[in-house]
Amino acid sequence: MTILIIDDSVDQRTILKHHLKKGGFGEVLLAESAEKGFEALGLDKGYVDGNIDLILMDYLMPGINGHEACAKIKESKAHEDIPVIMVTGLADLENLQQAFGAGAMDYIVKPVKKIDLLARVRSALRLKKEIDRRKELTALLEQKVQERTAKLAETNEKLKISMEKAQRLAREAEAANDAKSRFLANMSHEIRTPMNGLIGVADFLRDTVLNSEQGKYVDTIRTSADFLLSIVNDVLDYSKLEAGELGLETSKFDLGELLDRISDIEYAAAKNKGLTWKCVVDDDVPLKLVGDYSRLKQIYMNIVRNAIKFTDKGGVSLKVEKVSDAVDHTILKFSITDTGIGIRRNDLQGLFKYFTMGDDSLNRRFGGTGMGLAISSQLTKLMGGEIGVESEPDIGSTFWFTVKLNKQKNEGSDVKQKKNVDETDNKANRFKILVAEDNPVNRMVALKLLEKLGYEAEAAFDGLKTVEALEKNKYDLVLMDVQMPHMDGLEATKTIRDISSNVLNHAIPVVALTAHAMKGDMEKCLEAGMDDYISKPVNPQKLSETLEKYLKP
């Protein structure tokens, strides 16, 4: 195996080569610029150096940068299958999108860690080997097919070719879908992990004494983090909807509380833009309901945030009214009216389609993924309703949607009383929790959250340390990360449940606390023996309620 390193830094080339040599890889070629890399590949002379199996490419280089060089390499039919891994200190979403758009299959964030480098290189080389093997098999299969079809009648020959093409396209489609699912899962995990730390620390800062300027900065950090998280969630929701895997959860909730929370969150954003804010709920609207609280909130907040974003003067008003009513259910209509830029009539029809905005210039001015309204449309259908819009350019818009919700049988049974902080602390501090988390920031966030909830907590840095701690000390519950070195959370949980292990309490409650948030991740945790599942970024209220479920006096 031959690896080509393209990097303008002598030190970086030396470090990468040293790690690769120590990892047992054979020949490592070095190039100080993209142009020198092209020479090594033979791009400048029109021939192919077939000995190069992998390229490690710096992102920022003088002259031709990393993603431009990657795109040029991928344009060559002879080089398109060579895996390219970007080595970069710029791990923001825009630069990563450029890298992947140029054809890079992976990226490594500087400073480079040896174990991460070797793992990703080995994975890329295995993929390259599999691609080469499949190409050989495909070529051999095509040759045999040609030999056989040449002897058949023209009709049979055409039929055979059509069948082969259909099968090949099906395999390619399945492989592409699998690759996309793996990519989404990896990106979701990699983004949610630091987002958990960012949101957690921002919330901790909010609880400290800050001056007005510092408070604005913290609120900006929190708002930006929420926006980034909403983008990640939109991508995951789109993937689930595309696969027909997005379902609804049912729970009791108070509609008034939901509306109050949205107003608390979005009123400040409207006020900062100098907009008026109004929320009206008709008197006959039932408040004690049963349905998917989170999805209803997602639809409502998505439209409200759009209204604020596209309105520069005037205001935003919200209205909830009852469309129809029955003994056990009700149909409600939610309307959000703004005095914003409005939407052209020709653009209304495609507004609820994926990856579209009413005007391309809006995307440049306001940003967005083009998925929020499309996802909201699908969610309203799942909730037995519909969605629509009425708008006039330069006058404003009214977005509305309806949903069917069940009524609570006993309206007073679901009221939650607020607990006195001292009472919560007195109850919580009887219990001792072990946090299994390898990420230092997320470890700190988890311990701080537990401290604020009144629990005593200790940390273990990986699955092995977790098992060792449970062999020596008594704990009341384990918060278990899934992706950890040496022994992951799933394997650690299986060891805990194994009665032949030396763990003191094999029945200890184990709750997953993980950035794995794709379809099936919760099921994997439960199958491994965990009792419950919480995804990152951690919702403090969700964490508190889950702990109370398993930690009873």
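What counts and what doesn't
The numbering scheme is per chain: residues are counted from 1 as the chain's sequence reads. Where local features are concerned, this predicted model is filtered to residues with pLDDT of at least 70; where side-chain atom pairs are given and counted, the filter is 80 or more; whole-chain, interface and lining totals use all residues. Working from all heavy atoms in the structure, the side-chain values ignore hydrogens and water. Strands are runs of DSSP state E lasting at least 2 residues, helices are runs of H or I lasting at least 4, and numbering of each runs from the N terminus. Only protein chains enter the accessibility calculation, which uses a 1.4 Å probe. A residue is then buried if its area is under 20% of the maximum for its type, exposed if over 50%, and partly exposed in between. Contact between two residues is taken to exist if any of their heavy atoms lie within 4.5 Å; hydrogens are not considered. What sets the accessible areas is the Shrake-Rupley method with a 1.4 Å probe; for residues, cover comes only from the shown protein chains. It is the directions from the helix axis to the C-beta atoms whose arc is reported. When a carboxyl oxygen of Asp or Glu is within 4 Å of a side-chain nitrogen of Lys or Arg, the pair counts as a salt bridge. At least two DSSP bridges between two strands are required for those strands to pair. Axes, fitted as lines to C-alpha atoms, cover a helix only where it is in contact. Angles between the N-to-C directions of the axes lie from 0 to 180 degrees. The predictor attaches a confidence to each residue, and that confidence, scored 0 to 100, is pLDDT.

**Concerning the overall build of the chain**
Then, in step 1: Check the secondary structure of the chain and you find 18 helices and 17 strands.
Then, in step 2: Per-residue burial over the chain gives 43% buried out of 553 residues.
Then, in step 3: For the chain, contacts bridging at least 24 residues in sequence account for 68% of all contacts bridging at least 6.
Then, in step 4: Only carbon and sulfur atoms are counted for the fraction: they give 51% of the accessible area of the chain, which is about 30,000 Å².

**Let's talk about unusual backbone geometry**
Then, in step 1: In this structure, proline 111 follows lysine 110 across a cis peptide bond, with omega equal to -5°.
Then, in step 2: Looking at where proline 111 falls in the secondary structure, it is placed in the loop between strand E5 (106-109) and helix H5 (114-149).
Then, in step 3: Across the junction of lysine 536 and proline 537, the peptide omega takes the value -5°, indicating a cis bond.
Then, in step 4: Along the polypeptide, proline 537 turns up in the loop between strand E17 (532-535) and helix H18 (540-550).
Then, in step 5: The residue aspartate 394 is not glycine, and still its phi comes out positive at about 70°.
Then, in step 6: For aspartate 394, the location among the structural elements is in the loop between strand E11 (387-392) and strand E12 (396-407).
Then, in step 7: Judged by its relative accessible area of 71%, aspartate 394 falls in the exposed class.

**Notes on helix H3 (residues 66-75)**
Then, in step 1: Inspection of H3 places Gly66, His67, Ala69, Cys70, Ile73 and Lys74 among the buried residues, and these make up the whole buried set. Taken around the axis of H3, the buried residues stretch over an arc of 160°, which confines them to a single face.
Then, in step 2: Elements in contact with the buried residues of H3: helix H2 (34-41), strand E3 (52-58), strand E4 (84-88) and helix H4 (93-101).

**As for the pattern of salt bridges**
Then, in step 1: One pass over the structure, following the stated rule, counts 25 salt bridges.
Then, in step 2: One salt bridge connects lysine 452 with aspartate 207, and the closest N-O pair in it is separated by 2.8 Å. Highlighted residues: lysine 452 in helix H14 (residues 440-452) and aspartate 207 in the loop between helix H6 (154-206) and helix H7 (212-242), separated in sequence by 245 residues.
Then, in step 3: With a relative accessible area of 53%, aspartate 207 lands in the exposed category.

**As for the sheet that holds E4**
Neighbouring strands of a sheet are bound in pairs by backbone hydrogen bonds; such pairs are parallel or else antiparallel.
Then, in step 1: Read across the open sheet, the 5 strands follow the order E2-E1-E3-E4-E5; overall the sheet is parallel. A strand with exactly one partner marks an edge of an open sheet, and here the two such strands are strand E2 (27-31) and E5. Neighbour-to-neighbour, the strand axes of the sheet open up by a mean angle of 20°, direction not taken into account.
Then, in step 2: Pairing of E3 with E4, which is carried by 4 bridges, proceeds in the parallel orientation. Bridge pairing in E4 places aspartate 58 opposite valine 87.

**Section: the confidence of the model for the chain**
Then, in step 1: Per-residue confidence for the chain gives a mean pLDDT of 83; residues scoring 70 or more make up 88%.
Then, in step 2: The secondary structure element of the chain with the lowest average pLDDT is helix H11 (residues 360-366), at 45, and the one with the highest is strand E15 (residues 477-480), at 96.
Then, in step 3: When the criterion is pLDDT under 50, residues 411-425 qualifies, and its contacts beyond four places in sequence or with other chains add up to 14 contacts.

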